[in-house]
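Coordinate inspection notes
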There are 2 protein chains.
Amino acid sequence: MSTLEQFKNYVKKINDFEHAAMILNWDMETKMPKKGAKAHISALTTLSSEAFKMSISGEMKGYLDTLSMPDEWANLDEISRKMVEHIKEGYEESKNIPEDLYARYVELTSTSQNVWGEAKHNSDFETMRPYFEEMISLNKTMAQYIDPNKKPYDVLLNRYEKGIDEATITRTFETLKKGVIPLVEAIKEKPKVDESMFKGEFSKEDQEKLGYYLLEAIGYSLEAGRLDESEHPFTIGNAPCDVRITTNYDLTDLRSSAFSILHEGGHGLYEQHINPALIGTTLNTGTSMGIHESQSRFYENIIGRNKHFWMNHYNKISEIFPSYKNVSLEAFYKGMNVVQPSLIRTEADELTYNLHVIIRFELEKALFDGTLEVKDLPIAWHDKMQAYLGIVPVNHKEGVLQDVHWAGGMFGYFPSYALGNIYGGQFLMQIEKELGGLDTLLEKGELMKVSDWLTEHVHTFGCMKAPMQIIQDACQSHLDATPIIRYYTDKYTKLYNL
Amino acid sequence: MSTLEQFKNYVKKINDFEHAAMILNWDMETKMPKKGAKAHISALTTLSSEAFKMSISGEMKGYLDTLSMPDEWANLDEISRKMVEHIKEGYEESKNIPEDLYARYVELTSTSQNVWGEAKHNSDFETMRPYFEEMISLNKTMAQYIDPNKKPYDVLLNRYEKGIDEATITRTFETLKKGVIPLVEAIKEKPKVDESMFKGEFSKEDQEKLGYYLLEAIGYSLEAGRLDESEHPFTIGNAPCDVRITTNYDLTDLRSSAFSILHEGGHGLYEQHINPALIGTTLNTGTSMGIHESQSRFYENIIGRNKHFWMNHYNKISEIFPSYKNVSLEAFYKGMNVVQPSLIRTEADELTYNLHVIIRFELEKALFDGTLEVKDLPIAWHDKMQAYLGIVPVNHKEGVLQDVHWAGGMFGYFPSYALGNIYGGQFLMQIEKELGGLDTLLEKGELMKVSDWLTEHVHTFGCMKAPMQIIQDACQSHLDATPIIRYYTDKYTKLYNL
C-alpha cells in the first residue's frame, strides 16, 4: 500500500468517528429521549477525543511529513495535495493542545449546552455564569497553545473564518454600522407596516408542509437530507450525501419556521452541492462559517424576502393557509420585510440583524481583551442594545442567554453571521453582473440559474479554497461591505419611501 | 488508579463505541436519508471492529487475569464480580476463533443477508442454498472453536440462551406440541370468528396516537425511550435510560401496529427497568433472547389480548376510530384472538405461533446433526407444515425463505420465541399465586402491580442472573411448559366453547 493509501485509510477512521459523533449530536438535539443525555455525552467525548488523538498522533505526523517530501508531493493530484495541507493545518493547530485540556473542553461543551437549555428557560444567568467563565478561560488557554504569537480572539476568529482578524472585522463592521443605523433610524420615523398576516394559528403539520414545499422550491434534496424539529434550528451533516436541517415551529407566527427553513436550506444546499470527489478528504464541508452564512442568508433574505421569488410561490401559501386568500402579495411582501428593532437575534429583520451581531462581536472582543468580566455581561448587553437598537430586554432569556453559542464555547463565531451578509451582497452584485437582475431571474422562475452560479463559484469547492480566495475568484474583490449596503439602501428606500 | 478503575475505564470506551453504533443502527433503520448509507456502514464497521479488537486485546486479558486473582477478587463487590465474569465469558468465546474465519463469517453474513432479500422476493431457494450450506458449515466450525467438548448446536443455542441445551428444548417442546396441537385441531372444527373490525382505513397519525396511548398504559417511559417507524419493528437501546422501539403501520389493518407496539413495548419495559447501578458494566441488558421474548410476548398476548385489559382501554379505540362505536368489546376481544393456521410466523396467532417455532427448531436440529441436508430443506419444511399446521406454502417466499435468521447465520435463535411463551406462562402462574387472578388485577386497573412484580423478579437483574436462575428464583421451578398450556387451554376453551 502506498503512503497516500495508508494516509487515506487512517483519515477514513477519523472520519468514521466524526460521522458517528455528528449523528449523535444530531440525535441529541432532535430525537434523544431526555434521560439519554449522559450516554450520548460520554460517547461523544470518547469519539471526539479518539479522533483528536489520531489527528495529532505520531502516525499522522509520519504521513504528513512523508507526503510533504518533494518526491511524494510531485506525485500527488490537486485534491490530495489540498487534503494533506488541510489536515496539516489542523495538525499544527492542535498538536500543542494537551489531551486532557481538550477532553475537558469537549466534556464542558456538552454539559454546558445541556445546562443552558434549562437556564435559558428559567432566565437564570447565575447558573450559566461559571460555565461561561470556564469556557472563556479554556478558550483563551487553547488559543495560546494554538498560536502563542497571536491575540487569543484572533486565533478563535480564524477557526471560523480563515484569514480574518479582529482589526479587519472592526473596520468592516464600522462601515456596515454606518450604512445600517441611518436606515433603521429613518424607518423608525415612518408609519408602521402591517405584519398581522403572519400572526394567527398555524398547525405544525401545515407549517411542515410549507417547509417541504420551500425546500423543494430551492432545490434541497431529501434523498441526501432531512427536516426535523429542534429547539434552535441548525444544519449538520456529512457532505454531500447526508446533510440534515432542523427548524422550530412557532404555532402563532408563520415566519419563524418558513424563514428558518430557507436559512438552513441555504446551508444545506451549500453542503449538498460540494464536489463528491472530496468525500473522505476532510475537504467536504463549507470552507468557513462566514461563507456558510452567506449562503443561508442569501436564501433566507436575498431570495426568500424578495417579492419576485414569491410571485411563483405565493399561491402555495394560501393553498395551505386559506386566511392568506385575503392578503395581497404586496402586503405579504411588505409584512415579511418589516424593520423593527427587537430583542431576539434569530427573529430580527434583515437590517437590524446586523446590529445584533455587531453587539455580540463587541462584547466578545471585550471579554477576551479583559475589559469586560462575565459577571458584568448582562449590563454590557443592556447598554449595547440601548445604544444600537434603542430597546432592552427585561430578562436574560431574551437577553444574554438567548443564543447557545457562548454556552457551546463558540466565541469568535458570531461575526460570521454579518460577514455572511457582506459576502452575500458581493455574490449578488456579481450574479447580477453576469446573469442580469435578480428580480427578473426570480420572476421568470430561473432560481436554478442562481443556484448553479453559487454551486460553480462557491459550493463545489468545499474547503479547496479559503474564504478570501472564493471572494477573489468569484467577484474579483476583497471583503467589502459596500454591495450589501447598496442592496439594503435600494430595497428599504423603496419599501419605506425613504 | 486501581486495576478495577482502569478496567472500568477501558470497558467504558468499548461501551461508548457500542452506544454510537447503536444510535447509527437505529438511525439507519428509521431516519437516515437514502444517500447516507455508505457513510453509516463505514462508521459502523469501524466502531464494531474497534470494540471487538478491544474486547480480545492483551490489555483486556491483563485486566481479567489480574481481577480474577484471589486477592483482587476478594475485594470486588457483587456487581464487579459479575462484570468480570460476564466480560471474561465473551473474551473466552471470541479469543479462540481464528481471525480469518471470523472475517469470513462477518463477510458471509452481510452478503448472505443481502442475497436473501432478492432471493426471497423471487422465491428462489437455489440461489440461497450455497449460502445456507456455508453458513451452517462455518457455524459448526466456529462452535468447535468456542467449545470443542459440546455439540455445535448446543454451543449455538447457548449464545442466545445461556444454560440451555438441545435435549431440554426437545423435551419441553414435545410437551408444548402435545398441548397446542389438540387445541388448534379442535378450533378448526368450530365456526369462523369475525375479525373484520380490524380491517379498514386507519391513518398513520391515528395509529400513532393509539400507540402512544398503549405505551403509556403499560408504563413505557418516553423520557427514556421513543416510538418510531421502520420496515420491521425492533427494540434497540442502552438500558435503562435510552431504549427505543419502532413499529410499522399497516394502513388497512389496525392489529399490525397495535400489537407490535405492545410487543416492542414489552422488550422496552424490560430494558427500562434494569437496575441503573448496572450502567457501564455490560450487564445492563436483557439476560437472554428467551427472557426478552417472555416480556414482549407477555405484554403482546397475556396482557394485550386479554379482555380485562381492554375493559379499561376500549373507549380510547372508539374515541380515535369512531367505526369501533358499533363493535362490542366482546367482539373486539374475540376478533383479536382468532386462531387460524397460516403460513407466516410473524403474522401467526398466539397459539399456532408456537408450532412455527417448533418446526424451525426441529429443522435446525436435523441440519446440525446431519440427518437433513440443505437441499432437502424445502421438502422437510413442507412436511412439517403439513403435519403441525395442516397447510403448506406454494412458494419459498412464504415458506423456507420467509425469515432472515438463517440467512444471517442466526441458527439457535428461533427456539427463544417459544421459550419466551413458556417462561411467560411460568411468570403468569407465579403472579397469580402471589397477587391474585390476572383478570381481576387488569379489570381493577392494577397492571402496575404486575409490572412491578416483573421488574422485581426479572427486569432489574439485567445480566446479573442467567435465565434459569431467573426462573428458579422467581417461580421456584425449572423450565416448564405446563403453565402456558394451562393458560392456552383455559383461554381458548372459553373463547371457542371447546
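See the structure shown above.
This section reports on the structure supplied with the text. (Residues numbered from 1 in each chain as written. Chains lettered and ligands numbered in written order. Predicted model: local features only at pLDDT ≥ 70, side-chain atom pairs only at ≥ 80, totals over all residues. Heavy atoms only, no water.)

1. Some points on the sheet that holds strand S2 (residues 235-238) of chain A
Residue and element names in this part refer to chain A. For clarity, the cut-off: If DSSP finds at least two bridges between two strands, the strands pair. We count a stretch as a helix when DSSP gives it H or I for four or more residues in a row; a strand needs E for two or more, and each element gets its number in order from the N terminus. Fitted lines through C-alpha atoms give the axes, limited to the stretch in contact for helices. The angle between two N-to-C directions lies from 0 to 180 degrees.
Sheet architecture is open: 3 strands sit in the order S1-S3-S2, paired in mixed fashion. For this open sheet the edge positions go to strand S1 (225-229) and S2, each flanked by a neighbour on one side alone. Between one strand and the next, the sheet's axes are offset by a mean angle of 20°, whatever the strand orientation. By the bridge criterion, 4 bridges tie S2 to strand S3 (residues 242-247) in an arrangement that is antiparallel. Within the sheet, the bridge partner assigned to Ile 236 lies in S3 and is Arg 244.

2. Comments concerning the pattern of salt bridges
Oppositely charged side chains are able to pair whenever their charged atoms sit close together. All names here are of chain A. Note the cut-off: Throughout this description, the term salt bridge denotes a Lys or Arg side-chain nitrogen within 4 Å of a carboxyl oxygen of Asp or Glu. Buried residues are those whose accessible area, probed at 1.4 Å on protein chains only, stays under 20% of the maximum for their type, while exposed residues exceed 50% and partly exposed ones sit between those limits.
This structure, assessed with the given rule, holds 76 salt bridges over all chains. The closest approach of N and O atoms between Asp 228 and Lys 31, which form a salt bridge, is 2.8 Å. Of this pair, Asp 228 sits in strand S1 while Lys 31 sits in the loop between helix H1 (3-30) and helix H2 (37-55), and the two are 197 residues apart along the sequence. Given a relative accessible area of 5%, Asp 228 falls into the buried group. The exposure class assigned to Lys 31 is buried, which follows from its relative accessible area of 13%. For the salt bridge of Arg 305 with Glu 300, the shortest nitrogen-to-oxygen distance reads 3.4 Å.

3. A word on the interface of chain B and chain A
The following threshold applies: Working rule for contacts: check all heavy atoms of both residues, and any pair within 4.5 Å makes them a contact. Summed over both partners, the accessible area (1.4 Å probe) lost when two parts come together is defined as the buried area. Whenever a nitrogen or oxygen atom comes within 3.5 Å of another N or O atom, the pair is scored as a polar contact, on the condition that within protein one atom can donate a hydrogen and the other can accept it, and that pairs from neighbouring residues in sequence are kept only if both atoms are in side chains.
Contacts between the two partners involve 32 residues from chain B, matched on the other side by 34 residues from chain A. Taking both sides of the interface into account, the surface hidden between chain B and chain A amounts to around 2,700 Å²; carbon and sulfur atoms contribute 60%. Sorting the residues of chain B by area buried against chain A places B:Pro33, B:Lys35 and B:Glu223 first, and these three jointly supply 21% of that buried surface. If you look at where chain B meets chain A, you find 6 salt bridges. The closest approach of N and O atoms between A:Glu50 and B:Lys13, which form a salt bridge, is 2.8 Å. Taken together, the links from chain B to chain A amount to 20 residue pairs in polar contact (both at pLDDT 80 or more).

4. As for the packing of aromatic side chains
Put simply, the test is: Two rings belonging to Phe, Tyr or Trp (six-membered ring only in the last case) form a pair when the distance between their centres is within 6.5 Å. Interplanar angles under 30 degrees mark stacking, angles over 60 mark edge-to-face geometry, and anything in between is tilted. Two conditions define a charge sitting above a ring: the NZ of Lys or the CZ of Arg must be within 6 Å of the ring centre, and it must be within 35 degrees of the ring normal.
Enumeration over the complete set of coordinates arrives at 56 aromatic pairs over all chains. Their ring planes at 50° and their centres at 5.5 Å tell us that B:Tyr413 and B:Tyr417 sit as a pair that is tilted. Just as B:Tyr413 is buried, B:Tyr417 falls in that class too. Chaining the aromatic ring pairs together yields one cluster made of A:Tyr153, A:Tyr160, A:Phe173, A:Tyr353, A:Phe361, A:Phe368, A:Trp381, A:Trp406, A:Phe411, A:Tyr413, A:Phe414 and A:Tyr417. Lying over the aromatic face of B:Phe368, B:Lys140 brings its terminal NZ or CZ to 5.9 Å of the ring centre. Over the ring of B:Phe259 we find B:Arg305; its NZ or CZ atom is 3.9 Å from the centre of that ring.

5. A word on the relation of the copies chain B and chain A
Just so we agree on the cut-off: Least-squares fitting of one copy onto the other uses the C-alpha atoms of those residues that reach a pLDDT of at least 70 in both copies.
When chain B is brought onto chain A, the operation consists of a screw motion whose angular component is 173° and whose axial shift is 0.8 Å, with 1.3 Å RMSD remaining. A symmetric contact is evident, with 100% of the interface residues of chain B recurring at the interface of chain A.

6. Here we look at the pairing of S3(A)
Residue and element names in this part refer to chain A. The element S3 is extensively covered by neighbouring structure, given that 6 of its 6 residues are classed as buried. A two-sided burial pattern is seen for S3, the buried positions comprising Asp 242, Arg 244 and Thr 246 on one face and Val 243, Ile 245 and Thr 247 on the other. Note: S1 against S3, 5 bridges, orientation parallel. Considered in S3, the bridge of Arg 226 is made with Arg 244.

7. A closer look at helix H7 (residues 125-146) of chain A
Residues and elements named next belong to chain A. What counts here: By this rule, a helix spans an expected 1.5 Å times one less than how many residues it contains.
Compared with an ideal rise of 1.5 Å per residue, which puts 22 residues at 32 Å, H7 spans 30 Å between its outermost C-alpha atoms and is within 8% of the ideal. Along H7, the residues that are buried comprise Phe 125, Met 128, Phe 132, Met 135, Ile 136, Leu 138, Asn 139, Met 142, Ala 143 and Ile 146. Packed against the buried residues of H7 are helix H5 (78-94), helix H6 (99-121), helix H8 (152-160), helix H16 (353-369) and helix H17 (377-388). The distance from a side-chain oxygen at the start of H7 to the backbone nitrogen of Glu 126 is 3.3 Å, and the residue carrying that oxygen is Asp 124.

8. Focus on the environment of B:Leu67
All names here are of chain B. Topologically, Leu 67 is positioned in helix H3 (residues 58-68). In this structure the C-alpha to C-alpha distance between Leu 67 and Leu 4, which are 63 residues apart in sequence, comes to 7.2 Å. Among residues more than four places away in sequence, those in contact with Leu 67 are Thr 3, Leu 4, Phe 7, Glu 72, Trp 73, Leu 76 and Val 84.

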